[in-house]
Amino acid sequence: MTPLIQAEQAVLGSVFLDPGQLDHLSPWLRPDHFSRPAHAALYAAMLKLRADGHPATAAKSGDPIPLSWVTDTVQEAGTRTRGLTAPYAHSLIAACPRTTHAPVYGRMVLEGAIHRSVTQHAIRLHQAARADAVRGGVEETVRHAQILSDVLADLAHRWGTEPRPVQPPAPDTLSSPQPQPQPQPVDEQVLADEEFLLGCISARPAQLLDVVGWLHPGDFADIGHQQIYRALGALHHRGEPIDQLTVLWETQRRGALSDGTLDAERVLRICDPLSLSGVAEHFGGQVVQASLVRTAAASARQVRALADNESLAPGRLIGYALHALGPLDDVRRRLRLTHEAEPEPPRRTSEPGTSPPAARIDAARARSHLAATPAPSAPVAPSCASSPDRHNHRSPS
């Protein structure tokens, strides 16, 4: 018998012995917090008899409890589930160590319910993400992601803590090495959309301005595609020409060729301006949708792993789970921008024959050094905080 089942038995036994304990339990402990249907039915029966004014619930502390309190509770619970008997109720009474500890036992029951509820909703989110990956949509994934966020907020309120994301401590890899997550298979159509998008931007670099505000390198499922997108953004940010050779050179400077992430033939093929032409904004939206589904599945797996850890107190579990949903919330926000993006302000144009200031050229060259580039594995949002013209020179580099 698990400690959780023992806690459920103890809290029910305490109420059988002292119905007044319902005054401390009823404001926050619900029947569906019990894991066993029989226990949920007994607790629901107790609440109903109390609401109906059963004489036992009006007794003062220390007064003898009438036997009818047990028999009436079992009879009422029998209308909700089968198999309940008076001897089982008496076994619950015997399982209660201290009647006055009922609120503590109830907190144990609530703690188990929180872990169980988080697990169930994480599983549903993962199933929705897998189904949407097959269908090619995001509606169910978005819906279940919002449900999980709402459930975590409600559970935090019931537990009495603030629903805010908390980053888990880094695991001690020396004492307990963590298994590396297995790479998830990616649909061929997703990879094709990513290549088509990069080809569109390479052929018409001005289209980068249509997607850079909401499309991040981490949205690409393929690491090589992430590097090409970063290279395109860096070239555009520095005002340098974009073609097959310049993109290839930029990926080489970023180490994508030397570490095997890309090869020259693949870069030249993807960036061939003669083979592809299309609207980057449309295919960028497809890439973000696929990114949302993948991120939802990964977040759901993390949340479920947290919920399966019985050593986590509910407050920590809720905070860690909200932190695990952070990347998913970011992709959801950017997916909305694909449909609600505001028009860009008018672009500034330089007079013919003028060149950028020397200080600006030096700053762009400094940013292009390999040491200043982000690690390939970390998604980096487009940023242009150091650029004098933030609207005209944004990039995903």
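Residue positions are given per chain, counting from 1 as you read along its sequence in written order. Confidence filtering applies because this is a predicted model: local features only for residues at pLDDT of at least 70, side-chain atom pairs given and counted only at 80 or more, and all residues used for totals across whole chains, interfaces and linings. Hydrogens and water molecules were not included; the side-chain quantities draw on all heavy atoms of the structure.

1. Looking at the confidence of the model for the protein
Where we set the bar: Confidence of the prediction at every residue is given by pLDDT, a number between 0 and 100. Secondary structure elements follow DSSP: runs of H or I of four or more residues count as helices, runs of E of two or more count as strands, with numbering from the N terminus. We call two residues in contact whenever any of their non-hydrogen atoms come within 4.5 Å of each other.
In this model, the protein carries an average pLDDT of 85, and 81% of its residues clear a pLDDT of 70 or more. Taken element by element, the protein is modelled with least confidence in helix H16 (residues 358-367), mean pLDDT 46, and with most confidence in helix H14 (residues 314-324), mean pLDDT 97. Considering only residues more than four positions removed or in separate chains, one finds that residues 359-394, a stretch of pLDDT under 50, has 61 contacts.

2. Notes on the packing of helix H8 (residues 188-203) against helix H10 (residues 223-237)
For clarity, the cut-off: Axis definition: a line fitted to C-alpha atoms, over the contacting stretch in the case of helices. Angles run 0 to 180 degrees between N-to-C directions. Any angle from 65 to 115 degrees is called roughly perpendicular, while one under 35 is roughly parallel, one over 145 is roughly antiparallel, and all others are oblique. Helix crossings get a hand from a simple test, with the near helix turned counterclockwise from the far one by less than a right angle marking a left-handed crossing and a clockwise turn marking a right-handed one. Basically, the charged four are Asp, Glu, Lys and Arg, the nonpolar ten are Ala, Val, Leu, Ile, Met, Phe, Trp, Tyr, Cys and Pro, and anything else, Gly included, counts as polar.
Interhelical geometry of H8 versus H10 gives an angle of 15° and a closest axis separation of 11 Å. What the angle tells us is that H8 and H10 run roughly parallel. For the crossing formed where H8 meets H10, the hand is left-handed. Contact with H8, carried on its side by Leu191, Glu194, Glu195, Leu198, Ile201 and Ser202, involves His225, Ile228, Tyr229 and Leu232 of H10 and no other residues of that element. Here the contact of H8 with H10 is built from residues that sort into six nonpolar, two polar and two charged.

3. Digging into the environment of glutamate 195
Within the secondary structure layout, glutamate 195 lies in helix H8. For the pair glutamate 195 and cysteine 271, spaced 76 residues apart in sequence, the C-alpha separation works out to 8.6 Å.

4. Remarks on helix H3 (residues 37-51)
The line we're drawing: The length a helix should cover is 1.5 Å for every residue beyond the first.
With 15 residues, H3 should reach 21 Å at 1.5 Å per residue; the first-to-last C-alpha distance of 21 Å fits that figure. Contacts made by the buried residues of H3 are with helix H1 (3-17), helix H2 (22-25), helix H4 (68-78) and helix H5 (86-94). Positive backbone phi, at 80°, marks glycine 53, one or two positions downstream of H3.

5. Looking at the nonpolar core
The tendency in soluble globular proteins is for nonpolar side chains to be buried side by side. Heads up, the rule is: The set of buried Ala, Val, Leu, Ile, Met, Phe, Trp, Tyr and Cys residues whose side-chain atoms join them within 4.5 Å is what this entry labels a nonpolar core. Whether a residue is buried, partly exposed or exposed follows from its accessible area with a 1.4 Å probe, protein chains only, as a fraction of its type maximum: under 20%, in between, or over 50%, in that order.
Core analysis: the largest hydrophobic core is formed by 91 residues, its most contacted members being Phe16, Leu215, Ile228, Tyr229 and Val247. Per-element tally for this core: the top contributor is helix H13 (residues 280-307), with twelve residues. When neighbours within four sequence positions are excluded, phenylalanine 16 is seen to be in contact with Leu42, Met46, Ile65, Trp69, Val70, Thr73, Ala89, Leu92 and Ile93.

6. Looking at the packing of helix H7 (residues 139-159) against H14
Running from amino to carboxyl end, H7 crosses H14 at an angle of 155°, the nearest separation of the two axes being 10 Å. Taken together, the axes of H7 and H14 are roughly antiparallel relative to one another. For H7 against H14, the interelement crossing comes out left-handed. Contacts between H7 and H14 involve Leu152, Leu155, Ala156 and Trp159 on the former and, on the latter, Pro314, Gly315, Ile318, Ala321 and Leu322. Of the residues belonging to the contact of H7 with H14, the class tally is eight nonpolar, one polar and no charged.

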